[in-house]
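# Report on the structure
Read off the chains here:
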There are 2 protein chains.
Amino acid sequence: MTDTPQAAAVPWTHDFGADPALPDAVNLSPMKSDLPSATVERLPRYLRCIERLPESQLTISSRELARLSNLTAAGVRRDISYLGTFGIRGVGYQVTELNDQIRHALGLTADRPVAVVGIGNLGSALANYTGFGNRGFRIVGLYDAAPTKIGTYLGGVEVRDISRLPDDARTTHISVGIIATPAGAAQQVATMLVEAGVRSILNFAPTVLRVPDDIHLRQVDLATELQILGYYMT
Amino acid sequence: MTDTPQAAAVPWTHDFGADPALPDAVNLSPMKSDLPSATVERLPRYLRCIERLPESQLTISSRELARLSNLTAAGVRRDISYLGTFGIRGVGYQVTELNDQIRHALGLTADRPVAVVGIGNLGSALANYTGFGNRGFRIVGLYDAAPTKIGTYLGGVEVRDISRLPDDARTTHISVGIIATPAGAAQQVATMLVEAGVRSILNFAPTVLRVPDDIHLRQVDLATELQILGYYMT
DNA sequence: TAGATTGTTAATCGATTAACAATC
DNA sequence: TAGATTGTTAATCGATTAACAATC
């Protein structure tokens, strides 16, 4: 038999019906298959660098952007070339246009309602995060299970009981669900989000989640980052 | 002239002397160049999956581990093969041995003192993170600049004034510095950590840091994750 | 013009996948 | 033995880098 993942009985696994073919590493089926995934992962970094340039700087060369972003000039040019050909030979890229093109490519012009589940220290940090505004993301819901937290406000948004989420999702569309619960609750929350129609999930809980193949899932994990860092130490 | 990054005058750039050749994407010069970097990044995930297996499960096949980790069986086998050949044909891998081998490969047996700088919501979440213990990482220092926070305790560790960090680092070795400050303070903190002899930095502040080439730097950024997720949405 | 920098082609590199002999 | 699964070879795929003609 050839290597093909399929269902098997494991206690902690939540089963989403068929669960057919193998999803890729981060579970992101590239529906919009324009840009190479490596490029997509670097665009936000370019954006960060561009935003910090002094207002007086009107153009930037691939070389300078490479230096600022800790990448290579050839790589920068290739990445940008996927967005179109708007560089000026002998000069570089116009900062405003580059900014616009990257934001357009990433779809940051859209309005993406975000819900955060789990309002502990981490969830509070996320709720207070100010970098959303001009980046297309907007927190529309905060959820927790603890009665002491329900009814409190963070960044102008009320913390609601997690049991309200399905109903809320029916009236307010939720583009992204951020999971900031303890590990033990994460899978349950993920399942609830998926069932509520949320198609993209960002998981901060230290556990591997299982979601259907058509759900976009990204994982941010402190232990994983430290372990990777640890490998390269001394 | 060929593409080679070099110094240039940009206001927000902190200059670390020579700053010679181009560092790679994540600034991890693979001193220990045994494992492919892609494999290193997946090992923690396998670990997560293995840890959740029921005690009664003594072996696991590449197929099952692939399903649990959302990867492919062939990929799992290749990754594990870099650690040695200890699988049992027709059976799979012994769970305890696999666990040991991965932990050994990642160097999780070492004791790695960690300092967290910036004890806001995020820093507090990190300070309370329980997943350190059995993974070789141990918080030995918490630092902040706000007088109201200094002297308080989190997880049994006192929050100290950031100005103490250089002295503390002289007496207590710090393997990893975690930056959880606002973006505006991050570069300054990074510089301070580097000057205090910290060689590995995990940055949660939403800003691109510049550090010398020989410093291991990883970046965790909410906005970046959301932007990547956003790209793949509809 | 002379100098600089893009956009892209070709070469290289590394990672993934398929497939199967070895072997439990 | 018969069935299952590893470990690895070879093929494929995708990403990076070098280099340079085009051109501002």
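The following refers to the structure shown.

Procedures and definitions
- Residues numbered from 1 in each chain as written.
- Chains lettered and ligands numbered in written order.
- Predicted model: local features only at pLDDT ≥ 70, side-chain atom pairs only at ≥ 80, totals over all residues.
- Heavy atoms only, no water.
- Pairing = 2+ DSSP bridges.
- Helix = DSSP H or I, 4+ residues; strand = E, 2+ residues; numbered from the N terminus.
- Core = buried A, V, L, I, M, F, W, Y, C linked by side-chain atoms within 4.5 Å.
- Buried < 20%, exposed > 50% of the residue type's maximum accessible area, 1.4 Å probe, protein only.
- Contact = heavy atoms within 4.5 Å.
- Near = heavy atom within 4 Å.
- Polar contact = N/O pair within 3.5 Å; in protein donor to acceptor, adjacent residues only side chain to side chain.
- Nonpolar A, V, L, I, M, F, W, Y, C, P; charged D, E, K, R; others polar.
- Phe/Tyr/Trp six-rings, centres within 6.5 Å; stacked < 30°, edge-to-face > 60°.
- Axes fitted to C-alpha atoms, helices over the stretch in contact; angles between N-to-C directions.
- Parallel < 35°, antiparallel > 145°, perpendicular 65-115°, else oblique.

## Quick word on the sheet that holds strand β6 (residues 157-161) of chain B
Within a sheet, adjacent strands bond to each other through the backbone by hydrogen bonds, running parallel or antiparallel. Residues and elements named next belong to chain B. The strand order β5-β6-β4-β3-β7-β8-β9 describes an open sheet built from seven strands, whose pairing is mixed. For this open sheet the edge positions go to β5 (153-154) and β9 (216-219), each flanked by a neighbour on one side alone. The pairing of strand β3 (residues 112-117) with strand β4 (residues 137-144) spans six bridges and is parallel. Counted as the bridge partner of Val-116 is Leu-142 from β4.

## Observations concerning the nonpolar core
Ranked by internal contacts, the top residues of the largest apolar core, which has 108 residues, are Ile-178 of chain A together with Ile-178 of chain B. Ignoring sequence-local partners within four residues, the contact set of Ile-178 of chain B consists of Leu-222 and Leu-226 of chain A together with Val-114, Ala-115, Val-116, Val-117, Leu-126, Leu-202 and Phe-204 of chain B. The next biggest cluster of nonpolar side chains, apart from the first, holds 21 residues, and it includes Val-117, Leu-165, Ala-169 and Ala-190 of chain B.

## A few points about the protein's contact with DNA strand C
In the vicinity of DNA strand C there are 24 residues, among which Ser-62, Arg-78 and Gly-87 of chain A together with Arg-42 and Arg-89 of chain B approach most closely. Atoms of DNA strand C within 4 Å of the protein: sugar and phosphate make up 57%, bases the balance. Contact distances for DNA strand C include 3.4 Å between a phosphate oxygen and a side-chain N or O atom of Thr-72 of chain B. At 2.9 Å from a base nitrogen of DNA strand C is found a side-chain nitrogen or oxygen belonging to Arg-89 of chain B. For the surface near DNA strand C, the elements supplying multiple residues, two or more each, are α3 (73-81) of chain A together with α1 (37-51) and α3 (73-81) of chain B. Each residue belonging to the surface near DNA strand C can be placed in one class, and the counts come to eight nonpolar, nine polar and seven charged.

## Some details on the protein's contact with DNA strand D
The environment of DNA strand D is made up of 24 residues, and the closest members are Arg-42 and Arg-89 of chain A together with Ser-62, Arg-78 and Gly-87 of chain B. The sugar-phosphate share of atoms of DNA strand D within 4 Å of the protein amounts to 55%. Here a sugar or linking oxygen of DNA strand D sits 3.0 Å away from a polar atom, N or O, in the main chain of Gly-90 of chain B. In this structure, a phosphate oxygen belonging to DNA strand D sits 3.1 Å away from a side-chain N or O atom of Tyr-93 of chain B. Listed by contribution, the elements that provide at least two residues to the surface near DNA strand D are α1 (37-51) and α3 of chain A together with α3 of chain B. When grouped by side-chain class, the residues that make up the surface near DNA strand D number eight nonpolar, nine polar and seven charged.

## Details of the packing of aromatic side chains
A complete count under the given rule lists four aromatic pairs over all chains for this structure. Summarising the aromatic geometry, the rings of Tyr-231 of chain A and Tyr-232 of chain A are spaced 5.0 Å apart at their centres and angled 85° between planes, so their arrangement reads as edge-to-face. By relative accessible area, Tyr-232 of chain A is classed as buried at 4%. With a centroid separation of 6.0 Å and 65° between ring planes, the pair formed by Phe-86 of chain B and Tyr-93 of chain B is classed as edge-to-face. When sorted by exposure, Phe-86 of chain B lands in the same class as Tyr-93 of chain B, which is buried.

## With respect to the packing of helix α2 (residues 62-69) of chain A against α3 of chain A
Each pair of packed helices gets described by two things: the angle between the helix axes and the distance between those axes. All names here are of chain A. One can describe the packing of α2 onto α3 by two numbers: an axis separation of 8 Å at closest approach and a directional angle of 105°. Comparing the axis directions of α2 and α3 gives the class roughly perpendicular. Residues Ser-62, Arg-63, Leu-65 and Ala-66 of α2 form the contact with α3, whose participating residues are Ala-73, Val-76, Arg-77 and Ile-80. Split by residue class, the contact of α2 with α3 holds five nonpolar, one polar and two charged.

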